[in-house]
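Structure assessment
As a plain string of letters, each chain reads:
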Amino acid sequence: MGISLTSVAFAGVAVTLVTLFAIGTPTERAAREAAAPVEPAPIAAAWIIPDVDKLPDDEWGRTVRAGRDPTKHTAQLIGPETSDAAHRYAGNNLACASCHLDAGTKRFGIPYIGVYNDFPSYRARSGAVGTIEGRVNGCMTRSMNGRALPLDSPEMRAIVSYIEFLSTGQPAGQATPGRGSGTMPELARAADPGRGQVVYAQNCASCHQPDGRGQRAGTPGDGQGYAFPPLWGPDSFNDGAGMDRLIAAANFIHSNMPNGVSWDQPALSLDDAWDVAAFVQAQPRPEQAHLDRDYPDRLQKPVDAGYGPYADGFDPAAHKLGPFAPIREAIAKLAASAPGAPINQTTK
Ligand code: HEC
Ligand code: HEC
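First things first, this report covers the structure right here in the doc. (Residues numbered from 1 in each chain as written. Chains lettered and ligands numbered in written order. Predicted model: local features only at pLDDT ≥ 70, side-chain atom pairs only at ≥ 80, totals over all residues.)

So, on to the packing of helix H2 (residues 59-72) against helix H6 (residues 154-166). Packing of H2 against H6 brings their axes to within 7 Å, and their N-to-C directions diverge by 105°. Comparing the axis directions of H2 and H6 gives the class roughly perpendicular. Two secondary-structure elements touch here, H2 through Thr 63, Val 64, Ala 66, Gly 67, Arg 68, Pro 70 and Thr 71 and H6 through Glu 155, Arg 157, Ala 158, Ile 159, Ser 161, Tyr 162 and Phe 165. Here the residues of the contact of H2 with H6 are counted per class, giving seven nonpolar, four polar and three charged. (Axes fitted to C-alpha atoms, helices over the stretch in contact; angles between N-to-C directions. Helix = DSSP H or I, 4+ residues; strand = E, 2+ residues; numbered from the N terminus. Parallel < 35°, antiparallel > 145°, perpendicular 65-115°, else oblique. Contact = placed C-beta atoms within 7 Å. Nonpolar A, V, L, I, M, F, W, Y, C, P; charged D, E, K, R; others polar.)

Spelled out as structure tokens, the structure:
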């Protein structure tokens, strides 16, 4: 495969060294070279997963470990079916770890590693400087379709401590390669939900079910959440969530699904990943109020935001399905005619 893996453990820190000679199949590499709007940054050598269980049994260690619990067992602890009504913050029965895979430690599985040091920072979605707590609550209200955790709640303090600990050793002010879910090449065509439906039936429905509603770990009402989380329907993430954007979802799916694949050994072709993401996003899901207030500077709106208003003249269908190069071009032109306006061409 052109990939050598060496695992080393020292001082309670498990380090995986990945030496990269080539990523993907030759066809994928050729497609990437042909289609990539931006060549992905080279992937640095080390993926460091600080070991939560090696922390001492003091207040810090206990708080950090307590933050792993609502990440994995979100439905039980802060979900809509949790026994203590005061702790029902999430609006669906997903777990943070449904998307932040391996409890926020998987490379390109939207890990928490390296995230803490990036805050506080300017956030295009709110048009203001945001905190890590604000980012957690962004997922609470959208991905979890619920309400914000109070900033001083034990749950928030624990989750943030967990994210902080997982970011140990990642230098501030530098990108962490392996964060997010990857930047695979884009298609020159619009993504095709009809083709995606076939991909879904063949590769996804066995776990996520033909109706996309997933499979409960236990029975509805018991607070045990899902063995296979729903991808759409009333108990899924809402339409303001990051996972409801095509570029974010296609990369997540390509790097991680069917569950168990990794970014460097994906199972789906690029076309299949883009098309199945488009199919999933064409299905109904809860709606977030006031989405028109997102991205007050429209030139900073991600090209794959599925809801308007937009500054670029393209309709929601174009933003939902791509191709994105013409949209980026239009945004760049607008930005050039409005000097000083910062533009956002990333997937964030
Ligand atoms: C349905 C999927 C989903 C669920 C469930 C979810 N998130 Fe997220 N989360 C995302 C996506 C997508 C992003 C954006 C990643 C990016 O910008 O590359 C994100 C981003 C984040 C970030 C910032 C990561 C970064 O790299 O900047 C944090 C922190 C976070 N989520 C915390 C949480 C917490 C805590 C929970 C549970 C309460 C949660 N998320 C549940 C999908 C999800
Ligand atoms: C072998 C079972 C399995 C298959 C097949 C599978 N998934 Fe998943 N998927 C999972 C599990 C399990 C999770 C949650 C991860 C966890 O809990 O550790 C998940 C999470 C997800 C998520 C984020 C969570 C959410 O609810 O939105 C998306 C999106 C997703 N899968 C899409 C797909 C797509 C698209 C396919 C087909 C290409 C697919 N999956 C195939 C098991 C599977």
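In the vicinity of ligand 1 there are 25 residues, among which Cys 96, Cys 99, Cys 139, Ser 143 and Gly 242 approach most closely. Every element with two or more residues in the shell around ligand 1 is listed here: helix H5 (132-141) and H6. Ranked by residues supplied to the shell around ligand 1, first place goes to H5 with four residues. Considering only residue class, the shell around ligand 1 consists of 16 nonpolar, six polar and three charged. (Near = placed C-beta within 6 Å.)

Since there are 3.6 residues in each turn of an α-helix, residues three or four apart along the chain are aligned in direction. Among the ten residues that make up H5, eight are buried, leaving the element largely enclosed by the rest of the structure. What H5 keeps buried is the set Ile 132, Glu 133, Arg 135, Val 136, Asn 137, Cys 139, Met 140 and Thr 141. (Buried ≥ 20, exposed ≤ 12 C-beta atoms within 10 Å, placed from the backbone.)

With that settled, the discussion passes to the environment of Ala 75. The residue Ala 75 is located in helix H3 (residues 74-78) in this model. For Ala 75, a count of 28 C-beta atoms within 10 Å translates into the label buried. Along the sequence, Ala 75 and Asn 92 sit 17 residues apart, while their C-alpha atoms lie 7.7 Å from each other. For Ala 75, the residues in contact, after removing those within four places along its chain, are Glu 81, Asn 93, Ala 95, Gly 223, Gln 224 and Gly 225.

What surrounds ligand 2 is a group of 25 residues, the closest being Cys 204, Cys 207, Pro 229, Pro 258 and Asn 259. Where the shell around ligand 2 is concerned, the elements lending two or more residues are helix H8 (205-208), helix H9 (246-256) and helix H10 (270-281). Tallied by class, the residues present in the shell around ligand 2 amount to 20 nonpolar, five polar and no charged.

Moving on to the nonpolar core. In this structure, Ile 163, Ala 249, Ile 253, Val 276 and Ala 277 are the most contacted members of the largest nonpolar core, which totals 62 residues. Elements supplying a minimum of two residues to this core: H3, helix H4 (101-104), H5, H6, helix H7 (193-203), H9 and H10. Apart from the residues lying within four places of it in its own chain, the contact partners of Val 276 are Gly 196, Val 199, Tyr 200, Cys 204 and Ile 253. (Core = buried A, V, L, I, M, F, W, Y, C linked by C-beta atoms within 7 Å.)

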